[in-house]
Amino acid sequence: MPLNVLGFASNVAILLEAQRLIGRLVKPVSEKYVDRVDEQVLQAAGIELRREYIQSEKYKIRTVFAGNPADPPLVLIHGHSMSSTFFYRNFADLVDMGYYVIGMDLLGWGRSERPMYTGRTVEDSILFYLDSFDAWRKNLRLEKFSIISHSIGAYLAYEFARTHPGAVDRLMLITPAAIERKLALYRGIYFTLTPQMVGRRFGLLGYLLFELKFPGEGPYTQNGLKDLTWQLNCRPTPSGDIAIKNLIEFESWNKPVVKRPLLDRLERLDIPVHIVAADMDTLIPAPVVKRLYEALKETGTNCTYDVAVNSDHCPFLEVPDQFQRITAQYFQRK
């Protein structure tokens, strides 16, 4: 009997090691390969783009520029596990509205550097992003600018606008994350057992899980975006994911909560704020987003609310024409 148990255990160990080794075949081959995939996606933007690495204190932030530098700057801030490339369907429309569009990859995500994250508190996590963002925008001499932000990027954008009055002159929050303290169990697990962790540690099994969960058609699979998503989530040092984990805690094994939700941090902003929900959003349902709008409006903030139709969590990617019409109501200059 013990021999059977040992034999079974050794077989399992061999199987796990084999799938891990095979899994290396579907992980990033090199940084140059990731660059090529990233460029492939951006070529579909239909407009000339310039990619640079901008210094932010000790680290480099990958930045994408579009349009005329003489026009007012508009900064794009992406969501969890994404990059500025995910806005590739919006660059041309925003430039046509009269903006110098600047997409940045948050520190620890996308093509930006990924330093080891050593923070322990919610404040540490937020400053990990905001301090690097502030240093980045100062290096670009962005004294006053507009922001379009998505998901956890919207959470961070609101925190930046709140703590840096005068820097932001217009703010759009698309399906913002971390609105209320309550958090569904599956989302708590998602933010704890992160996509980067699964991709990096589970080898072939991680890739199969990615294939199972990632949308099988539509804009998420076009122009190489699916390949880019996998490559980005497997890059070394998942500091972006680790920093976000500090925003979540489990009060019991089945009760995750957000430690510092937006609804607990609201105050009056002296700038226009535009909030966009999506009617099919399974991550941040539209009724939750509307509660944020109503609460922010009660502070006296000049706030508007729109709902993207037939869209899940990323309306800028899924329904770009509709998103353009929504955005044009508030950002059109030409």
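Look up: the structure comes first, before these words.
In this text the structure is predicted, and so the values were computed from the model without any measurement.

Undergrad: Describe the sheet that holds strand 4 (residues 100-104), and please don't skip the residues or the numbers.
TA: Spatially, the eight strands line up as an open sheet ordered 1-2-4-3-5-6-9-10, and their pairing is mixed. With one partner strand each, in any of the chains shown, strand 1 (50-56) and strand 10 (303-308) form the two edges of the open sheet. Strand-to-strand, the axes of this sheet are offset by a mean angle of 20°, without reference to chain direction. Pairing geometry for strand 5 (residues 145-150) and strand 6 (residues 168-174), over six bridges, is parallel. Note that in strand 6 the partner of Ile 147 across the bridge is Leu 171. Seen against the sheet, helix 2 (residues 31-42) touches strand 1 and strand 2 (59-66) and runs at an angle of roughly 125° to strand 1. Set on the sheet, helix 4 (residues 122-139) makes contact with strand 1, strand 2, strand 3 (73-77), strand 4 and strand 5; between it and strand 1 the angle comes to about 115°.

Undergrad: Tell me about a nonpolar patch on the surface, and please be specific about residues and values.
TA: A grouping of Leu 185, Ile 189, Leu 193, Phe 202, Leu 205, Leu 209, Leu 212, Phe 250 and Trp 253 is seen on the molecular surface, where their side chains present a nonpolar patch of about 870 Å² in accessible area. Of the residues forming the nonpolar patch, the biggest block, three residues, is contributed by helix 8 (residues 203-213). Following the sequence through the fold, Ile 189 ends up in helix 6 (residues 185-192).

Undergrad: Tell me what's going on with the packing of aromatic side chains, and back it up with residues and numbers.
TA: For the structure shown, the criterion picks out 12 aromatic pairs. When the ring of Phe 128 is compared with that of Tyr 129, the centres are 5.1 Å apart and the planes differ by 80°; the resulting orientation is edge-to-face. Judged by relative accessible area, which is 13%, Phe 128 ranks as buried. Residue classification places Tyr 129 among the buried residues on the basis of a relative accessible area of 1%. One aromatic cluster is present, built from ring pairs that chain together Trp 109, Tyr 117, Phe 128 and Tyr 129. Against the face of Phe 65 rests Arg 50, its NZ or CZ located 4.3 Å from the ring centre.

Rules used throughout
- Residues numbered from 1 in each chain as written.
- Predicted model: local features only at pLDDT ≥ 70, side-chain atom pairs only at ≥ 80, totals over all residues.
- Heavy atoms only, no water.
- Pairing = 2+ DSSP bridges.
- Helix = DSSP H or I, 4+ residues; strand = E, 2+ residues; numbered from the N terminus.
- Axes fitted to C-alpha atoms, helices over the stretch in contact; angles between N-to-C directions.
- Contact = heavy atoms within 4.5 Å.
- Patch = residues over 30% accessible without salt bridge, like charges linked within 9 Å, V, L, I, M, F, W, Y side chains within 5 Å.
- Areas by Shrake-Rupley, 256 points an atom, 1.4 Å probe, with all protein chains shown as cover.
- Salt bridge = Lys/Arg side-chain N within 4 Å of Asp/Glu carboxyl O.
- Phe/Tyr/Trp six-rings, centres within 6.5 Å; stacked < 30°, edge-to-face > 60°.
- Buried < 20%, exposed > 50% of the residue type's maximum accessible area, 1.4 Å probe, protein only.
- Lys NZ or Arg CZ within 6 Å of the ring centre and 35° of its normal.

From the geometry alone we can't say anything about function, so treat these as descriptive.
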